[in-house]
Amino acid sequence: MSLLTHLLACLFGMGSWVSINGLWVELPLVVPQIPEGWYLPSYLSVLIQMANVGPLFVTLMHRFRPGALNEAAAIYVIIGLGTAASFLLAFFWRETAVVAGAPRSVALLVLTFFLATVDCTSSVTFLPFMMRLKAQYLTTYYIGEGLSGLLPALVALIQGAGVVHCVNSTRSLNHTLNSSMTLDLRAEYQPANFSVEVFFFFLSAMMLVCLVAFLLLNYHPSVARERPSGRSANGGKQKSARDRKQAEQKPMMDPYRPASRRPRSSFGTGSYSWTQVFYIFVILAWANALTNVVLPSVQSYSCLPYGNSAYHLSATMAAVANPLACFIAMFFPIRSLVLMGALALLGSAAGAYIMSMAALSPCPLLVHHTSGAVVIVLAWVLFVLALSYVKVIIGLILRDEGHGALVWCGAVVQLGSLLGAVTMFPAVSVYSFFSSGDPCNTTCQ
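A brief structural summary.

Thresholds applied
Residues numbered from 1 in each chain as written. Predicted model: local features only at pLDDT ≥ 70, side-chain atom pairs only at ≥ 80, totals over all residues. Heavy atoms only, no water. Salt bridge = Lys/Arg side-chain N within 4 Å of Asp/Glu carboxyl O. Helix = DSSP H or I, 4+ residues; strand = E, 2+ residues; numbered from the N terminus. Buried < 20%, exposed > 50% of the residue type's maximum accessible area, 1.4 Å probe, protein only. Core = buried A, V, L, I, M, F, W, Y, C linked by side-chain atoms within 4.5 Å. Contact = heavy atoms within 4.5 Å. Disulfide = S-S within 2.5 Å. Patch = residues over 30% accessible without salt bridge, like charges linked within 9 Å, V, L, I, M, F, W, Y side chains within 5 Å. Areas by Shrake-Rupley, 256 points an atom, 1.4 Å probe, with all protein chains shown as cover.

With that settled, the discussion passes to the pattern of salt bridges. For the coordinates displayed, the defined rule picks out four salt bridges. When the shortest N-O distance is used, the salt bridge between Glu-197 and Arg-94 registers 3.0 Å. One end of the pair, Glu-197, is in helix H10 (residues 196–219); the other, Arg-94, is in the loop between helix H6 (71–92) and strand S1 (97–99), and 103 residues separate them in sequence. Among the residues examined, Glu-197 registers a relative accessible area of 19% and is labelled buried. When its relative accessible area of 44% is taken as the criterion, Arg-94 is described as partly exposed. As a salt-bridge pair, Asp-400 and Arg-335 come within 2.9 Å of each other at their nearest N and O atoms. Of this pair, Asp-400 sits in helix H17 (residues 370–400) while Arg-335 sits in the loop between helix H15 (308–331) and helix H16 (337–360), placing them 65 residues apart in sequence.

Have a look at this one:
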């Protein structure tokens, strides 16, 4: 086992979602300076789902033109585009243009679409690439993917993004000689320790680190020794492509195949029946819908009523829980469908509590008690920890089933996220089922 290969796999995984995750945590500093205001998160959600054209194209290529897509070349293009878009954001994120008679942040929205395309497409390219390494390095990749959310959050925490203080303000009730004054609290964002431009340069540097890691994964001699059957990156390329083409030409679903020829199903190696395959993919889609879209879209509603400290602590601890779950899976990779279902149920129960508190915002349960803040933070940690472990185990199971299974794994991840966005966008942005309240003046009975 090579520590260098583990490090490179981790750095490679960090580049998968670092750009979009970084953009989300930077919103409190970006939003006050652009014309879209707090409608920007809704626009971002739509752009991210539009960017699923990337993984759709890759999946269709694997399905109808197996072996035609050069996977390594596609990853180079993806990482290069992500690096360039992050770098350009630092210069143009505040630039506006008049569209339909109103100023719009055209450059920000266009570059965000490119970043979203990069990150979405990584699900169906980065994961299958990990088939070229031994199975234990897939868990390390997932640790890096978890760190792609944690690292920007920590940098934003150091930056002071989204830190709110309640300051005193007075207002006059009338303008007569006997006018009275009343004391109010007003929410005020604190100035950041460094600029938004510096943060975007940091994201660009992270993508550049991912590119270097990918180069070394392809060409470093010590990495070549960690490949299955010990083939080198160059010497085995044609054989690998040929084997992958044959594997992808194998139909994912073939109900007419005689039962005597297959042990349980025609999926992958045939280790799982079609009922089990369906079960695995449903849980995968469900877990990604919840963790990628549904619950993050209501995180502020569920946590801010308990105070800014509870909100920042829940966001940070949840970001820590993701790579922690991957780290646990590295030492305890339990490929049990029963355990998978139990953990999915546990994570869903924690998610149901979080969603309930968001629906009750700005006056959720135990809002004036320290125990309320403790419970909501623990709920977020348990939610992310359980479902992140489930996603890693599913990745390991599908890795055992072959390259084509990992392509479908990435496609189902994006499908789950898409369904989550389609569900939550109208609820949050159109029908306003959730209300946030004033962080300094909301009173509850």
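Moving on, we come to the nonpolar core. Ranked by internal contacts, the top residues of the largest apolar core, which has 111 residues, are Phe-12, Met-130, Phe-200, Met-340, Trp-380 and Phe-383. The element that contributes the greatest number of residues to this core is H17, accounting for 17 residues. In this view, Phe-200 contacts Leu-23, Val-30, Ser-86, Leu-89, Ala-90 and Trp-93; residues no more than four positions away in its chain are not counted. Counting five residues, the second-largest nonpolar core is a separate cluster that includes Val-58, Met-61, Leu-69 and Val-124.

This paragraph deals with the state of the cysteines. Using the criterion set out here, one finds zero disulfides in the structure. Cys-10 provides the cysteine sulfur closest to Cys-326, a residue in no disulfide bond, and the two sulfurs are 9.4 Å apart.

Moving on, we come to a nonpolar patch on the surface. On the surface, Val-320, Leu-324, Phe-327, Ile-328, Phe-331, Phe-332 and Ile-334 cluster together to form a nonpolar patch covering roughly 640 Å² of accessible area. Position of Leu-324 among the secondary structure elements: in helix H15.

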